[in-house]
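Each chain, letter by letter, is given below.
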Amino acid sequence: MKKWLTTVLIVVSIVLGIIGYDNPSGLDNGGTQEERFVLIHAGTFQMGSKDGYDDNKPVHEVKITKSFYMGKYEITQAEYEKYCSYGSDSPSLSYGDGDNYPAYYVSWYDALVYCNKRSIAEGLTPCYSIKDSTNPEEWGELPTSWDDPLRDTWDVAMCDFNANGYRLPTEAEWEYAARAGDNTVDSLTYSGTSDVNKLGDYAWYYDSANDNTHEVGTKLPNAFGLYDMTGNVYEWCWNWFTSEYDENTEGGSDPTGTSAGSGRVYRGGSWSNDSDGCAVSYRYYDYPNFRDNNYLGFRVVRQAN
């Protein structure tokens, strides 16, 4: 009997491994760096797409010269609430509420606060500085509207990309990781597949999500082992948005984008998007103070060297 039960458990484990499902197991509750993050090795890729919106163009070569760790999962509500609080809206049963659901109703500014608070708590060097301070407690109140004068202070946030703390990925890092070696540029591709008919295996999107978010890590990962890079919630990136790529600031080696703008980039599609909006080349943006979005969250990266 024991031998039979052991055999069954082994078979079940193998099947779960084959179909790619992963148990986030609380994520911030005891997971090691190896369990929670994927090492993304340096490399070169073609960014953008010849298909889709003009914002995706032109296709251009980008070099990622420094390896980095990227979170396997979008930051969950349990992780976020350990360090930060929401504004006037917080996750609800209507759109997904629970420890392993992705955090949403978070602004770009909120994401910076989270990154530095978590870095400090874990004894790491924070990446972001505002008013010459890396301590979010000294940054003052968060801007709450697009014309809030506090934006003059928060929008000049600086990032030390050599620090070992947590930060948002650059737009180039995000697309490089989402593509996971897929350099398809003549047509739209997704994180994990180039076949739109298989998109539902990798993504919670309009055709599969039932109008709400889902627990992270419950679809197949891409070839790098990253979950939900397509669908579930959009993910904030570091960059200011431009209507088309400027190869002087968004091409070449380790681009970080222009130094000013009105909206910050987010990537990856969400539970409310159709397939086109889930393409790895699809780009959109919002004001960095915007918190009222139930389909926008983030994931974090750390430098590996």
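The following refers to the structure shown. Predicted model only: the values in this text are computed from it and were never measured.

### Details of the overall build of the protein chain
Part 1 of the reasoning: Helices and strands together make up the secondary structure of the protein chain, namely eight helices and twelve strands.
Part 2 of the reasoning: Relative to its full complement of 305 residues, the protein chain shows a buried share of 52%.

### Examining a negative patch on the surface
Part 1 of the reasoning: There is a patch of like negative charges on the surface, built from D51, D207, D274 and D276.
Part 2 of the reasoning: Here D276 shows up in the loop between β9 (264-267) and β10 (283-286).
Part 3 of the reasoning: Residue classification places D276 among the partly exposed residues on the basis of a relative accessible area of 35%.

### Re the sheet that holds strand β8 (residues 252-253)
Part 1 of the reasoning: Strand order in the open sheet made by the three strands is β2-β3-β8, with mixed pairing throughout. Among the strands making up the open sheet, the edge pair consists of β2 (43-47) and β8.
Part 2 of the reasoning: Note: β2 against strand β3 (residues 60-64), five bridges, orientation antiparallel. When the bridges of β3 are listed, Q46 appears paired with E61.
Part 3 of the reasoning: Of the strands in this sheet, β2 and β3 are in contact with helix α6 (residues 171-179), which crosses β2 at around 95°.

### Observations concerning the packing of aromatic side chains
Part 1 of the reasoning: If you walk through the whole model with that rule in mind, you get 26 aromatic pairs.
Part 2 of the reasoning: Centroid distance F161 to W238: 6.1 Å. Interplanar angle 90°. Geometry classified as edge-to-face. One end of the pair, F161, is in the loop between β6 (158-159) and α6; the other, W238, is in strand β7 (residues 234-240), and 77 residues separate them in sequence.
Part 3 of the reasoning: With a centroid separation of 4.4 Å and 25° between ring planes, the pair formed by F241 and Y285 is classed as stacked. You can see F241 sitting in the loop between β7 and α8 (247-250) and its partner Y285 sitting in strand β10, a full 44 residues away along the chain.
Part 4 of the reasoning: You can call Y285 partly exposed: its relative accessible area is 34%.
Part 5 of the reasoning: Taking NZ or CZ as reference, R283 lies 4.3 Å from the ring centre of Y245, over its face.

Definitions and cut-offs
Residues numbered from 1 in each chain as written. Predicted model: local features only at pLDDT ≥ 70, side-chain atom pairs only at ≥ 80, totals over all residues. Heavy atoms only, no water. Helix = DSSP H or I, 4+ residues; strand = E, 2+ residues; numbered from the N terminus. Buried < 20%, exposed > 50% of the residue type's maximum accessible area, 1.4 Å probe, protein only. Patch = residues over 30% accessible without salt bridge, like charges linked within 9 Å, V, L, I, M, F, W, Y side chains within 5 Å. Areas by Shrake-Rupley, 256 points an atom, 1.4 Å probe, with all protein chains shown as cover. Salt bridge = Lys/Arg side-chain N within 4 Å of Asp/Glu carboxyl O. Lys, Arg positive; Asp, Glu negative; His and termini not counted. Charge placed at Lys NZ, Arg CZ, Asp CG, Glu CD. Pairing = 2+ DSSP bridges. Contact = heavy atoms within 4.5 Å. Axes fitted to C-alpha atoms, helices over the stretch in contact; angles between N-to-C directions. Phe/Tyr/Trp six-rings, centres within 6.5 Å; stacked < 30°, edge-to-face > 60°. Lys NZ or Arg CZ within 6 Å of the ring centre and 35° of its normal.

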